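Results of the structural survey
Listed below are the residues making up each chain.
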Amino acid sequence: MNRQFYHTHTVRYDECDSYGYLTPAAFLRYMQEIASLDAEDIQLGGEGYWIVKRTVISFAAPIKIHTKLDLKTFGMGFTRITAQRGYAAYLAGEPHDTPVVSARTLWVYVDKRGRPTRMPEGTAEIWLPDGPQPQQPEAPLPPFPESEPHRSEATVRFSDTDLMQHMNNAAYVEALDNAAWEAYAQAGITPDKAMPRIRSYDIEYTESIRFGEQFAIQSWFDPWPTAGEEFSRLQRITRNGTVAVRAHSRWLWHAQEL
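Please read all numbers here as calculations on a predicted model, not as lab measurements. (Residues numbered from 1 in each chain as written. Predicted model: local features only at pLDDT ≥ 70, side-chain atom pairs only at ≥ 80, totals over all residues. Heavy atoms only, no water.)

Summed over the entire model, instances satisfying the criterion amount to 14 aromatic pairs. Consider the rings of W50 and Y109, whose centres lie 4.9 Å apart with planes at 55°: the pair is tilted. Of this pair, W50 sits in strand β2 (residues 49–59) while Y109 sits in strand β5 (residues 101–110), and the two are 59 residues apart along the sequence. Residue classification places W50 among the partly exposed residues on the basis of a relative accessible area of 23%. Taken together, a centroid distance of 6.4 Å and an interplanar angle of 35° make the contact between W181 and W253 tilted. Taken together, the residues span a long stretch of sequence, with W181 in helix α3 (residues 169–186) and W253 in strand β10 (residues 242–255) at a distance of 72 residues. (Phe/Tyr/Trp six-rings, centres within 6.5 Å; stacked < 30°, edge-to-face > 60°. Helix = DSSP H or I, 4+ residues; strand = E, 2+ residues; numbered from the N terminus. Buried < 20%, exposed > 50% of the residue type's maximum accessible area, 1.4 Å probe, protein only.)

And the structure:
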């Protein structure tokens, strides 16, 4: 039987937005935490490090503050240098038929210089003892429009960094969401007037940004958010002209009742 690792977590106050719902960035931190706990539980060895290259998350429903979640992670497929890990979140105490959130990440194993290297022998068999499985292919991200994007800039803060002293994957998502709200605010849209609900997030990480470095965010919206309608957000983070992150997210826009 293939390995599955479980962890239970209650959504905290500081993991929610101003509407009282779990944020995408907070769920990404759940994914990081349960992956780390899983690796510690099996005492995964090796002198290298794991870095995320792609994250895909689907949200079936918004999750309210103080909701108790049963989280699950499992191996999906391996190559010599990459591992695809799956995740699912269920409402605690209810049947685990359909997750409220499902996700997967593509991890790359790197050496101390940050270069891809072969993972320790037998790593795949820890999660897939019944035999190897192919990784699930990911669709290419949509091309960026030629129209003028909304632009914003930011600097990597100490609180944004992780154990590898890079900007944390969840911190990138926070920066993307904040940049989008800058665009909304410029158009006169504020949290007391609208409530966007996340449907999906697809993020590709290509470069690592470190503490103190400046970066730029470009954001496109298709279509522009309209009450009751779903829209897509395409975003790109660059550092000195080099693309570090590309993201495509889908949202459902709700008008706030005054």
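Moving on, we get to the nonpolar core. In this structure, F27 and I237 are the most contacted members of the largest nonpolar core, which totals 53 residues. The biggest single contributor to this core is α3, with 10 residues. Beyond its immediate chain neighbours, meaning those up to four positions away, I237 contacts Y172, L176, I209, F215, A216, I217, T242, V243, A244 and V245. Listed in part, the six residues of the second largest apolar core include F78, M119, W127 and L128. (Core = buried A, V, L, I, M, F, W, Y, C linked by side-chain atoms within 4.5 Å. Contact = heavy atoms within 4.5 Å.)

Turning our attention to the packing of helix α1 (residues 24–41) against α3. Two elements in contact, α1 and α3, have axes whose closest approach is 9 Å; the angle formed by their N-to-C orientations is 175°. Overall, the two elements α1 and α3 adopt an arrangement that is roughly antiparallel. Here P24, A25, L28, R29 and Q32 of α1 lie close against α3, whose contacting residues are N169, A170, A171, V173, E174 and D177. Residue composition of the contact of α1 with α3, by class: six nonpolar, two polar and three charged. (Axes fitted to C-alpha atoms, helices over the stretch in contact; angles between N-to-C directions. Parallel < 35°, antiparallel > 145°, perpendicular 65-115°, else oblique. Nonpolar A, V, L, I, M, F, W, Y, C, P; charged D, E, K, R; others polar.)

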